[in-house]
Structure formats: C-alpha cells, structure tokens
Amino acid sequence: MTQKLAELSISYIQSFSFEDMGYTLWMTVSTPLVQKKICFKGIININISRDILDLEPDDISVFEVNHEFRKPTIDDFKDYQFLADKDLNFPKLHLVTFHASMIITILCKEVEVGHQ
C-alpha cells in the first residue's frame, strides 16, 4: 500500500481533475515543504459537499485527512447511487475523507502519491 495521506500534512488542495471518463482523479496538494500530486485510480464513489453559506470559490484549506485501506462496510456506501448489498464480499478499498473548507470523500481501488 502507498503512504497514508494523513501522514503528508496536507494544508491546501490546489486543484483536481478527472481523466479516463471519471476512472482516475488527480489532485494537486500543498504540504509544508512541497507540492504533491495524488492519483486516485478506480474511483467507485466520490462525494463533494460545500457549506451552502460559503459558496465563494476560495482556496480549499485542509484541516484533516482520514485514509483507510480496508474492506468497506455497507455504511461506507451511504452516498453510493448503485445497489450495494450488505452481503456482498467487498474487496479492500481506499476510503479517503478530506475535511476542508469542503468535505471530499473518495472510495477507490488505488492511491499513488508523487512529487510535482
């Protein structure tokens, strides 16, 4: 498994973009020492929520990052729009949540971290 994102001390999300018809998400982030690119491959679900009282396009300041690699539970699929049965034998997946000026949750197969 790659380095856990919580260990990177991410302070800002500079940008993000999708490729491969939404299969891959690229995110450019700032840490105290350097900018890094994070690649999320095999996107299964992504949810982005912004406070309705703060709709200005400001920087995305990151307060906390949670990153787990485990078998998801049925509760992890609460925002998933397809049928997810609790009896399914889910494979291990990356569950990532960015607590920031917006909340970003990602459920994916792979996470890769590199320098920009």
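Here, the structure is the one placed above.
Residues numbered from 1 in each chain as written. Predicted model: local features only at pLDDT ≥ 70, side-chain atom pairs only at ≥ 80, totals over all residues. Heavy atoms only, no water.

**Side note on the environment of Val62**
Looking at the element boundaries, Val62 is found in strand E4 (residues 60–70). C-alpha separation for the pair Val62 and Ile10, spaced 52 residues apart in sequence, amounts to 6.4 Å. In this structure, Val62 is in contact with Ile10, Ser11, Tyr12, Ile13, Phe98, His99 and Ala100, ignoring residues within four places of it in sequence. (Helix = DSSP H or I, 4+ residues; strand = E, 2+ residues; numbered from the N terminus. Contact = heavy atoms within 4.5 Å.)

**What about the side chain of Asn45?**
Note that Asn45 resides in strand E3 (residues 35–50). In this structure Asn45 touches Asp79, Tyr80, Thr105, Ile106 and Leu107, once residues within four positions along its chain are discounted.

**Description of the pattern of salt bridges**
Scanning the model with the defined rule gives three salt bridges in all. Across the pair Lys41 and Glu112 runs a salt bridge whose closest N-O atoms are separated by 3.3 Å. Of the two residues, Lys41 is situated in strand E3 and Glu112 in strand E6 (residues 102–115); the sequence distance between them amounts to 71 residues. Across the pair Glu68 and Arg70 runs a salt bridge, and its minimum N-O distance is 3.1 Å. You can call Glu68 partly exposed: its relative accessible area is 36%. Given a relative accessible area of 24%, Arg70 falls into the partly exposed group. Here the residues in one salt-bridge network are Glu68, Arg70 and Asp76, joined through shared partners. (Salt bridge = Lys/Arg side-chain N within 4 Å of Asp/Glu carboxyl O. Buried < 20%, exposed > 50% of the residue type's maximum accessible area, 1.4 Å probe, protein only.)

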